Amino acid sequence: MSEVSVTKNPGGPEPSTDDLVVLDNVNKHFGALHVLQDIDLTIKRGEVVVVIGPSGSGKSTLCRTINRLETVDSGSITIDGKPLPQEGKQLARLRADVGMVFQSFNLFAHKTVLENVTLGQTKVRRTDKQAAETKARALLDRVGVGTQADKYPAQLSGGQQQRVAIARALAMDPKVMLFDEPTSALDPEMINEVLEVMKQLAEEGMTMVVVTHEMGFARSAANRVVFMADGRVVEQATPEEFFNNPRSDRAKDFLAKILQH
Ligand SMILES: Nc1ncnc2c1ncn2[C@@H]1O[C@H](COP(=O)(O)OP(=O)(O)O)[C@@H](O)[C@H]1O
Ligand SMILES: [Mg+2]
């Protein structure tokens, strides 16, 4: 594995290789359940990959292994050419490099929106408070919740909270953003406001892994669709190929079911 040294260059073109996240023959068990089976997956810099598949197929576990919320049993995962760190400061930095937005809006309930977006910057990135707040306000404006900065999460709608969660992850200048069903817990009228923010991010070139059932998003924003079933990557293709001409029976079944709704 080559050690690629990357100088931080916010806003500028990224140096180093094209492969940003590489899973090589990854396996994981939960007891007797083989939840990830021989997963080989490479995410290129700037690529938007949508992961879809039936409930229980291992999509969340896959995301969680990429920022080491779950360990793997065998195989390797590298981010920007470097293996995932085991613990300590390195691990905190990894979690900052790999932004994650979950289904449940897991903001810090006892901190204001602004504090939610400054905390990681000051603690992990060691940004000074003033600069962190300036950046936080700019990001909150960008996701359309600038006027909510001094409120507490519970005072916001689900869609607003999820956009704060995106701003919080972006504040760390992540190399890649993972989204695990970010709109599944939202009321229908709030889904689009979150998807719009994600689409904009995708257009700006953010590397993204998105687990979602929003097929409109997959069609319009994804470079590639990865279909998982029973812990395996069953097929991967461009959205056009995948939706118009799924090859596996599992994918055909799955699409028939979700497209009925
Ligand atoms: N911490 C855990 N302990 C035991 N089993 C788990 C755990 N997390 C997930 N699983 C199981 O692993 C399988 C895959 O789960 P998950 O990755 O959440 O799938 P998906 O996100 O595709 O619905 C499921 O059968 C689930 O019950
Ligand atoms: Mg899941």
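Worth saying up front: this structure is predicted, and the values here are computed from it rather than measured. (Residues numbered from 1 in each chain as written. Chains lettered and ligands numbered in written order. Predicted model: local features only at pLDDT ≥ 70, side-chain atom pairs only at ≥ 80, totals over all residues. Heavy atoms only, no water.)

Draft legend 1. Local environment of the overall build of the protein chain. A count of helical and extended segments in the protein chain gives 9 helices and 10 strands. In terms of overall dimensions, the protein chain is globule-like: its C-alpha atoms have a radius of gyration of 18 Å, near the 18 Å expected for 261 residues. Overall, the C-alpha framework of the protein chain stretches about 55 × 45 × 40 Å when taken along its three principal axes. When burial is assessed residue by residue, the protein chain has 49% of its 261 residues classed as buried. Taking the contacts inside the protein chain whose residues are at least 6 apart along the sequence as the reference set, 66% of them involve residues at least 24 apart. Counting only carbon and sulfur atoms, one obtains 48% of the accessible surface of the protein chain, whose full area is about 12500 Å². (Helix = DSSP H or I, 4+ residues; strand = E, 2+ residues; numbered from the N terminus. Rg over C-alpha atoms; globule rule 2.2 N^0.38 Å. Buried < 20%, exposed > 50% of the residue type's maximum accessible area, 1.4 Å probe, protein only. Contact = heavy atoms within 4.5 Å. Areas by Shrake-Rupley, 256 points an atom, 1.4 Å probe, with all protein chains shown as cover.)

Draft legend 2. Quick peek at the site of ligand 1. Around ligand 1, a shell composed of Phe30, Leu33, Val35, Pro54, Ser55, Gly56, Ser57, Gly58, Lys59, Ser60 and Thr61 is seen. Taking Gly56, its main chain carries an N or O atom lying 2.7 Å from an oxygen atom of ligand 1. About the coverage of ligand 1: the protein hides 58% of its 560 Å² of free accessible area. Looking at the shell around ligand 1, the elements that each hand over two or more residues are strand S2 (33-44) and helix H1 (59-66). Residue contributions to the shell around ligand 1 peak at 3 residues, all from H1. For the shell around ligand 1, the residue count by class is 4 nonpolar, 6 polar and 1 charged. (Near = heavy atom within 4 Å. Polar contact = N/O pair within 3.5 Å; in protein donor to acceptor, adjacent residues only side chain to side chain. Nonpolar A, V, L, I, M, F, W, Y, C, P; charged D, E, K, R; others polar.)

Draft legend 3. Looking closely at the sheet that holds strand S10 (residues 232-237). Across the sheet, which stays open at both edges, the 6 strands sit in the order S6-S7-S8-S3-S9-S10 with mixed pairing between neighbours. Of all the strands in the sheet, just strand S6 (98-101) and S10 have a single pairing partner and so form its edges. Recorded for the sheet is a direction-independent mean angle of 20 degrees between the axes of neighbouring strands. Inspection of the sheet shows strand S3 (residues 48-52) paired to strand S9 (residues 224-229) by 4 bridges, in the parallel sense. (Pairing = 2+ DSSP bridges. Axes fitted to C-alpha atoms, helices over the stretch in contact; angles between N-to-C directions.)

Draft legend 4. The pairing of S10, seen in detail. Bridge count between S9 and S10: 5 bridges; the pairing is antiparallel. Pairing of Ala229 across the sheet is with Arg232, part of S10. Taking the residues that link successive antiparallel strands as the turn, the S9-S10 hairpin has 2 residues, and the phi of Asp230 there is positive, at about 50 degrees.

Draft legend 5. Here's a closer look at a positive patch on the surface. There is a patch of like positive charges on the surface, built from Lys89, Arg93, Lys123 and Arg126. If you trace the backbone, Lys123 turns up in helix H3 (residues 113-123). In this structure Lys123 comes out as exposed when scored by relative accessible area, which is 58%. (Patch = residues over 30% accessible without salt bridge, like charges linked within 9 Å, V, L, I, M, F, W, Y side chains within 5 Å. Salt bridge = Lys/Arg side-chain N within 4 Å of Asp/Glu carboxyl O. Lys, Arg positive; Asp, Glu negative; His and termini not counted. Charge placed at Lys NZ, Arg CZ, Asp CG, Glu CD.)

Draft legend 6. Here's a closer look at the pairing of S6. Because side chains alternate across S6, one face comprises the buried residues Val98 and Met100, and the other comprises Gly99 and Val101, equally buried. As paired elements, S6 and strand S7 (residues 176-180) share 4 bridges and run parallel to each other. When the sheet's bridge partners are listed, Gly99 is paired in S7 with Met177.

Draft legend 7. Here's a closer look at the pattern of salt bridges. In total, this model carries 16 salt bridges according to the counting rule given. Its salt-bridge partner being Lys175, residue Asp97 comes within 4.0 Å of it at the nearest N-O pair. Of the two residues, Asp97 is situated in helix H2 (residues 88-97) and Lys175 in the loop between helix H5 (158-170) and S7; the sequence distance between them amounts to 78 residues. Lys175 shares its class with Asp97; the two are buried. The residue Glu133 makes a salt bridge to Lys129 at a minimum N-O spacing of 3.4 Å. Residue Glu133 and its partner Lys129 are both found in helix H4 (residues 129-142); the two are separated by 4 residues, about one turn of the helix. Because the salt bridges share partners, they merge into one network encompassing Arg45, Asp80, Asp97, Arg125 and Lys175.

So far we have only geometry, and geometry alone does not tell us how the molecule works.
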